[in-house]
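Topology and contacts: notes
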Amino acid sequence: MAERLWGAEAGGAVYRSRDPVRNLRLRVRIQRVTAAGPLPAQDSPPPPPLSAPRGPELLALAARALLGAAGGDRPLTADARRPPDEEEEAEVGWQEKLFSQFEVDLYQNESACQTHLDRQYHKEILKLEKAGGRKNYRIFTYTDHDRFTNLEEHCQKVTDSDHEVPSYLAERMANVRRRRQDRKPIEANSLKSKIITWEPSEEFIKNNHVINTPVQTMYIMGDLGPYGKLGQREYERVLCTIKVDGNGVITVKPDFTGTKGAYWIELDRQKRELWKYTIENASIQVQQEEEEREQRVFRDLYSRHKEYLSGLVGSEFETTLPGTLRLFVNGEVVSAQGYEYDNLYVHFFLELPGHWSSPAFQQLSGVTQTCATKTEDWDNVAYFCYPFTLEMFFSQENESEDCLPQWPVLYFEVLSLDFWQRYRVEGYGSLVLPASPGLHILTIPTWRPVELGTVAELRRFFIGGSPELEDMTYVRIPATFKGERLSRFGFHTETTGSVTFRLYCLQQSKAFLETSASRHHMQSVLDRLGGFSQQSSVYNVLEAFQKARCRMQEARESLPQDLINSSFYTVHKTQEP
């Protein structure tokens, strides 16, 4: 038997509430529209028919087996003999149990109760009978602890195919709630023997890779059976599904009707029946005074939490002086590759230009350990993973100076050490510290000075001597150089390998807080403090201009010559008076 459900908006909705979920109440109203005849016109065509759920059928078979074992078929009760109305309205709270006619017939017999929940339902039904019977006939509920909830979630299908085979992920997600309910509480005095599983098995990985979010589910059902046949599971339909997780997220499917119109259910039986129902939020609205009091409580809570966090941080947070930039670098000499000899180590030091300073305890140089190389992709690589820390300050007393500040430079040399403790210079290089904060991975090529002739190479191989730089800053322009032009004519070098650095740069300055006051002033301060970024931006513009010019020349060369001549003639002709 197929059914169709449609409405103005048959999809679900997600809400978030900070109030306790026990305050949630819903008002459901169901009405039989017609028993036969044409259907009312709809604004939009209904979706394709949905297959009837398989979970209720499985539970019905088990329930009928329990009834048969308890004493065979019994006559219907007074509630079942009473003809139901064409219209019914019920107000349901969160996890409030409203029994159906099927459950009343099932749990009235104590011999059919097997679990503790069944026996509890048996006592509640007896109390209802003494109080005059239940007030609901067609509208009832299934709570989170009912068997229907587990069967419904386990039997959900993704497609409308009758031959669908659930995937592994679908089976694991269907068992998430069941694992949460069956989990035994851990005693407070019990010790966790395995906090970390160092060698997880395949079964352990399969059982723990699914995120288990605690979710409680509730179903509001409708018994759409004909007169005198209430309590038959094939006529039960899900009117609304409500799910609430531990974060206060409430999922209602379908959504509250409101002004969107009612939902419709069409039953294809011998007599074509049409039902409509509405779902409304019947929760008690918070008064304005209570809402204001709640907001004050939240503000007080947030302020206390802020004070608590401030107490954890403390008041000893270091701040820089006005007009001062603090540069903190956590660096690492990662590797060196492409060198001729084995057993490499790196010696480096930092040069601070004018207006830069460092604390007295700061060490501005270092030497890595000696590392043997290994072959990777036809290249010899030595991994150092040597960490170092640099801290420095930039302060410019006169901001009216036109010269741009220079950035600190890291100079380094790569050396090799043999069995006889003889060392050779393998290469020199330099690295300008990045002007922008964040992570920077830089690979710097190196070179070394050479002497012409075979004797120098034999001396380097057997004795270990090699030409060296007296001043390592000669890799760039030395700080002691006062001339206009630095000539290196006649100086012979050879390209060697490269060194990889990983730098984490942090910048701290009060100038970063002045954006709200004056954007122009902020830009000038940042340019003054980080002048190297302005230089690099100029270089980037020039480089982009050169690339664009080369592309224009290549495009011009690819054009036919007659087209170029004709366009040139046209341009000159238009310029004539």
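Bear in mind the structure is a predicted one, so any value in this text is a computation, not a measurement.

Below, the discussion takes up the overall build of the chain. Looking only at helices and strands, one finds 13 helices and 20 strands in the chain. Buried positions account for 35% of the 577 residues belonging to the chain. Accessible surface, the chain as shown: approximately 36900 Å² in total, 55% of it carbon and sulfur.

Time to look at the confidence of the model for the chain. Averaged over every residue, the pLDDT of the chain is 76; the share at 70 or more is 71%. For residues 1-9, every residue scores under 50 in pLDDT, and the model assigns this stretch 43 contacts once sequence neighbours within four places are set aside. This stretch, residues 516-526, has a pLDDT under 50; its non-local contacts, to residues over four places away or in other chains, come to 9 contacts.

Turning next to the environment of Pro437. Position of Pro437 relative to the elements: it lies in the loop between strand 18 (423-432) and strand 19 (438-449). Setting aside residues no more than four positions away along its own chain, Pro437 makes contact with Cys505 and Gln507.

A word on a nonpolar patch on the surface. The grouping of Tyr308, Leu309, Leu312 and Val313 at the surface amounts to a nonpolar patch, some 440 Å² of accessible area in total. Note that Val313 resides in helix 9 (residues 288-313).

Let us now look at the side chain of Thr473. By the secondary structure assignment, Thr473 is in the loop between helix 10 (454-462) and strand 20 (493-508). Since its relative accessible area comes to 7%, Thr473 is described here as buried.

Applying the stated rule across the entire model yields 15 aromatic pairs. A cation over a ring is seen here: Arg233 above Phe102, with NZ or CZ 4.7 Å from the ring centre. Taking NZ or CZ as reference, Arg488 lies 4.6 Å from the ring centre of Tyr474, over its face.

Here we come to the sheet that holds strand 8 (residues 249-253). As summarised here, the arrangement of the 5 strands in space is 2-8-7-6-5, forming an open sheet in which the pairing is antiparallel. Each edge of the sheet is formed by a strand with only one pairing partner; in this case those strands are strand 2 (13-16) and strand 5 (139-142). Strand-to-strand twist across the sheet, computed as the mean angle between neighbouring axes with direction ignored, equals 20 degrees.

As a further point, take the pattern of salt bridges. For side chains of opposite charge, pairing can occur when their charged atoms come near one another. In this structure the tally under the stated criterion is 16 salt bridges. Via salt bridges that share partners, Arg25, Arg27, Glu89, Glu91, Glu96 and Glu280 belong to a single interconnected network.

A cis amide bond, omega -5 degrees, links Lys253 with the succeeding residue Pro254. Within the chain, Asn343 stands out as a residue other than glycine whose phi angle is a positive 55 degrees. Residue classification places Asn343 among the partly exposed residues on the basis of a relative accessible area of 28%. Phi at His355 is positive, roughly 70 degrees, even though this residue is not glycine.

So, on to the pairing of strand 12 (residues 344-351). Looking at chain direction, strand 12 and strand 17 (residues 409-417) are connected through 8 bridges and run antiparallel. Note that in strand 17 the partner of Phe348 across the bridge is Phe412. The pairing of strand 12 with strand 14 (residues 365-367) spans 3 bridges and is antiparallel. Looking at the pairing, Phe348 lines up with Gly366 of strand 14.

Cut-offs applied
Residues numbered from 1 in each chain as written. Predicted model: local features only at pLDDT ≥ 70, side-chain atom pairs only at ≥ 80, totals over all residues. Heavy atoms only, no water. Helix = DSSP H or I, 4+ residues; strand = E, 2+ residues; numbered from the N terminus. Buried < 20%, exposed > 50% of the residue type's maximum accessible area, 1.4 Å probe, protein only. Areas by Shrake-Rupley, 256 points an atom, 1.4 Å probe, with all protein chains shown as cover. pLDDT = per-residue confidence, 0-100. Contact = heavy atoms within 4.5 Å. Patch = residues over 30% accessible without salt bridge, like charges linked within 9 Å, V, L, I, M, F, W, Y side chains within 5 Å. Salt bridge = Lys/Arg side-chain N within 4 Å of Asp/Glu carboxyl O. Phe/Tyr/Trp six-rings, centres within 6.5 Å; stacked < 30°, edge-to-face > 60°. Lys NZ or Arg CZ within 6 Å of the ring centre and 35° of its normal. Pairing = 2+ DSSP bridges. Axes fitted to C-alpha atoms, helices over the stretch in contact; angles between N-to-C directions.

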